[in-house]
Structure formats: structure tokens, C-alpha cells
Amino acid sequence: MLKGGYLFLFWFVGILTFVQPSFANSTAEDLLFAGRVSEAWNMAKAAAAGAPEDVEAQELYIDLAVHMGMQPVVEGQYRKRIERDSNDVLAHYCLGRSARSLSVAMASYQKAVAVEPNHARSHMGMGSIFRNQGELAKADAAYRKALMLNPKLAEAWAGLQVV
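All values reported here derive from a predicted model rather than from experimental measurement. All residue numbers here refer to positions counted from 1 along the written sequence of the relevant chain. In view of the model being predicted, local features appear only for residues whose pLDDT reaches at least 70, and side-chain atom pairs are presented and counted only at 80 or more, with totals across whole chains, interfaces and linings using the full set of residues. Just so you know, side-chain values use all the structure's heavy atoms and leave hydrogens and water out.

Q: Got a minute to help me understand helix α8 (residues 120–132) in this structure?
A: Given 3.6 residues to a turn, an α-helix orients residues that are three or four positions apart in the same direction. Note on conventions: DSSP H or I runs of at least 4 residues are helices, E runs of at least 2 residues are strands, and numbering of each starts at the N terminus. Helices are assigned an expected span. That span is 1.5 Å times one less than the residue count. For α8, spanning 13 residues, the distance from its first C-alpha to its last is 19 Å, which sits close to the expected 18 Å at 1.5 Å a residue. The cut-offs for exposure are 20% and 50% of the maximum accessible area for each residue type, with area from a 1.4 Å probe on protein chains only; residues under the lower value are buried, those over the upper are exposed, and the others partly exposed. The buried count for α8 comes to 10 of 13 residues, which makes it a mostly enclosed element. When α8 is considered as a whole, its buried residues turn out to be Ala-120, Arg-121, Ser-122, His-123, Met-124, Gly-125, Met-126, Gly-127, Ile-129 and Phe-130. Summarising the contacts, the buried residues of α8 are in contact with α4 (55–68), α6 (89–98), α7 (102–115), α9 (136–149) and α10 (154–162). Two residues qualify as a contact provided that any one of their heavy atoms is within 4.5 Å of a heavy atom in the partner residue.

Q: How should I be thinking about a nonpolar patch on the surface in this particular structure?
A: Patches in this entry comprise residues that are over 30% relatively accessible and not in a salt bridge; like charges within 9 Å are linked, as are nonpolar side chains (Val, Leu, Ile, Met, Phe, Trp, Tyr) within 5 Å. Computed with a 1.4 Å probe, the accessible areas rest on the Shrake-Rupley method; for each residue, only the protein chains presented here act as cover. Think of a salt bridge as a Lys or Arg side-chain nitrogen and an Asp or Glu carboxyl oxygen that are within 4 Å of each other. A contiguous nonpolar patch, built from Leu-136, Val-162 and Val-163 and spanning about 230 Å² of accessible area, is present on the exposed surface. As for its position among the elements, Leu-136 is in helix α9.

Q: For this particular structure, what's the right way to read the confidence of the model for the protein chain?
A: Reading predicted coordinates in detail is not appropriate for stretches of low pLDDT. The pLDDT value tells you how sure the predictor is about a given residue, anywhere from 0 up to 100. When the pLDDT values of the protein chain are averaged, the result is 87; 85% of them are 70 or greater. Every residue in residues 1–25 scores below 50 in pLDDT, and together they form four contacts with partners more than four places removed in sequence or on other chains.

Q: Would you mind showing me how to read the pattern of salt bridges here?
A: A side chain of one charge can pair with a side chain of the opposite charge when the charged atoms of the two come close. Inspection of every chain in the model, using the stated rule, returns 12 salt bridges. One salt bridge in this structure joins Arg-81 and Asp-88, with 2.8 Å as the shortest N-O distance. By the burial criterion, Arg-81 is buried, and Asp-88 matches it. Notably, a salt bridge pairs Arg-144 with Asp-140, separated by 2.9 Å at the nearest N-O pair. With Arg-144 and Asp-140 both in helix α9 and four residues apart, the pair spans about one turn of that helix.

This is how it looks when you write it as C-alpha cells:
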């Protein structure tokens, strides 16, 4: 009887081990959704630093920074990047996304578009600002421009649905 109890215990522990989520190969988003915010932040920060041209890594880093109250730090990092290269379109876009001020965000998106007129994400960012300011016709036009340039931008599709 005791032997069967041990077998059951090993079987039960084996099942628990099997169903426990493993985060060894997780993304920062997986960790965030699992409530492991600090680990998600560290992973996103490392990914953004390791891939400065990866827009999705930068966006996740910014979004987590906003969530964690680290927005001023991140905003400062993109300002420094722009100081090194004033034509860095991604840095202007990221500064816009991380900016605490709508006027700074708009100026950053406009600078990105001035350097690269077909920068879809900056058009999307301008659409978000126009929407927040109640300028729905401008928001609609900006979202449509973003989607014309990149029809896979889910955020632009979502923004277009609310204008």
C-alpha cells in the first residue's frame, strides 16, 4: 500500500512538473502576461539594447517603461540617440512613443516623417495624437496613410476603428 502511495506521489509531482509553465525560453511579453513584470522589464531592456534597430523590441521596452513609471529614463535615452544622429528615424519615432508631452511626441513623429516620409509607424503615432486631441478627420487621414504604407499595423487598424 505504501509503495502505491509513493507511486501516486511521483506521478502527481510529475504531472505538476509537466503542467508548470517554463519561462526559460519566454519572451518579455510572456513574462508580462504571467505577472512577472520585473523579469519582463529586464528582458525587454536587454532586447532593446541588443537590437537598437528592432522596432518591436523598442516598442515593448517603451510600453513597459510607461507601465513601470520609467518613461523619463527611456525618453532620455532616445534623446541621446537623436543627439548622436539627428536623422535616426527610429529614434525620433521612439521618442514620440515614449514622450510624456503630446507636443514633444508630435514634433518627434513629424521629424521622423520629414526624414522618411513613408515611416508608417510615425503616421500612426500622429493619428493617435490627433485622436486624443479630438481632431478625428486628421486622425483618420493619418491612420489611413499608415495603413497604406503598412497594412499589418494592428495599432493603426485599432485606431482607425475608433475615429
